[in-house]
Amino acid sequence: MVKLIVGLGNPGKKYQSTRHNLGFFVIDRIAAGRPITVRKRICEALTGEWAEDGERILLAKPQTYMNRSGACVKELLREFHGSPNDLVVIYDDLDLPFGRIRIRTKGSAGGHRGVISIAESLAGAPFPRVRVGIGRPPEGVDAVDYVLEPFDADQRDKLDVVVGKASEAVLALLREGVEAAMREFNRAG
C-alpha cells in the first residue's frame, strides 16, 4: 500500500507556468526536498517515490490533461492497491484568495474540472484535498482563460512562498493526519 499524492496540472510547455499547474509546482517542491525525481512514467503520470516512517509515498503529476485526471488517479490507485483514503489531491482554487490554503476531507469540486473528473472516477468517494488559492479573475476575464494564464507579476513575487506553504501542508497531512493539518493550515492567513 502507498500514499498517493497527486498534483493537478496540464502537461507541456504551453501550460508550464500557468495558474492551473499549481498542483504540479507543489509536487515539484515536495520532491526537491528529497532524493527523488518525478520522472518515472506510470499509469499516464510522471511519478517519484520515497519511504517515510515505513510508508511508501508516491508523488504523481497526471499527464492526461486536467479534465481527464480521474482516469489516471483511478489507475494509480488500482496499480498500488490504494483506496480514496490513501489519496491526497493538490489543486488551484479560484474561490480562495491567492495563497490561501484549505485542506478538506471531502466536499464539492467547486467547478474544478480536474477534481470533478477524479470524483467521478472514484464514484463520489471522499478523498483528502489541498486547495491552493489563486483568487478570482479580474472583471471581464473569463475563469477558463484566467486559470490558463501565467501568474501576474505580483503573484509571481509571492509564488515561491505559497508553493512552500502548500508543500508544508501536504507533508503535515502525511505526518500528523488530516485533522491536525486542517487545524494548522485552514486558519492561517
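Read on for a plain summary of the structure. Not measured: the values here are computed from a predicted model.

## Observations concerning helix α6 (residues 178–185)
Thinking step 1. Inspection of α6 places A180, A181, M182 and F185 among the buried residues, and these make up the whole buried set.
Thinking step 2. Buried residues along α6 sit against β6 (101–104) and α5 (153–176).

## Points about the pattern of salt bridges
Thinking step 1. Under the definition given, this model contains 8 salt bridges.
Thinking step 2. When the shortest N-O distance is used, the salt bridge between D28 and K61 registers 2.8 Å. Remark: K61 occurs in strand β4 (residues 55–62) and D28 occurs in helix α1 (residues 22–32); sequence separation between them is 33 residues.
Thinking step 3. Owing to a relative accessible area of 37%, D28 belongs among the partly exposed residues under this scheme.

## Section: α1
Given 3.6 residues per turn, any residue in an α-helix points the same way as the ones three and four places further on.
Thinking step 1. Of all the 11 residues making up α1, 8 are buried; the element is thus mostly covered by neighbouring parts of the structure.
Thinking step 2. The inward-facing, buried residues of α1 contact β1 (2–7), β3 (45–52), β4, β5 (87–93), β7 (129–133) and α5.

## Thoughts on the state of the cysteines
Thinking step 1. Under the counting rule described, the total for this entry stands at 0 disulfides.
Thinking step 2. C72 provides the cysteine sulfur closest to C43, a residue in no disulfide bond, and the two sulfurs are 6.8 Å apart.
Thinking step 3. Residue class for C43 comes out buried when judged on its relative accessible area of 16%.

## Here's the deal with the packing of aromatic side chains
Thinking step 1. Taken as a whole, this structure holds 3 aromatic pairs when the rule is applied.
Thinking step 2. Taking the centre distance of 6.2 Å and the plane angle of 80° together, the rings of Y15 and Y65 count as edge-to-face. Of this pair, Y15 sits in the loop between β1 and α1 while Y65 sits in the loop between β4 and α2 (69–79); the two residues are 50 residues apart in sequence, bridging distant segments of the chain.
Thinking step 3. For Y15, a relative accessible area of 17% gives the class buried.

Rules used throughout
- Residues numbered from 1 in each chain as written.
- Predicted model: local features only at pLDDT ≥ 70, side-chain atom pairs only at ≥ 80, totals over all residues.
- Heavy atoms only, no water.
- Buried < 20%, exposed > 50% of the residue type's maximum accessible area, 1.4 Å probe, protein only.
- Helix = DSSP H or I, 4+ residues; strand = E, 2+ residues; numbered from the N terminus.
- Contact = heavy atoms within 4.5 Å.
- Salt bridge = Lys/Arg side-chain N within 4 Å of Asp/Glu carboxyl O.
- Disulfide = S-S within 2.5 Å.
- Phe/Tyr/Trp six-rings, centres within 6.5 Å; stacked < 30°, edge-to-face > 60°.

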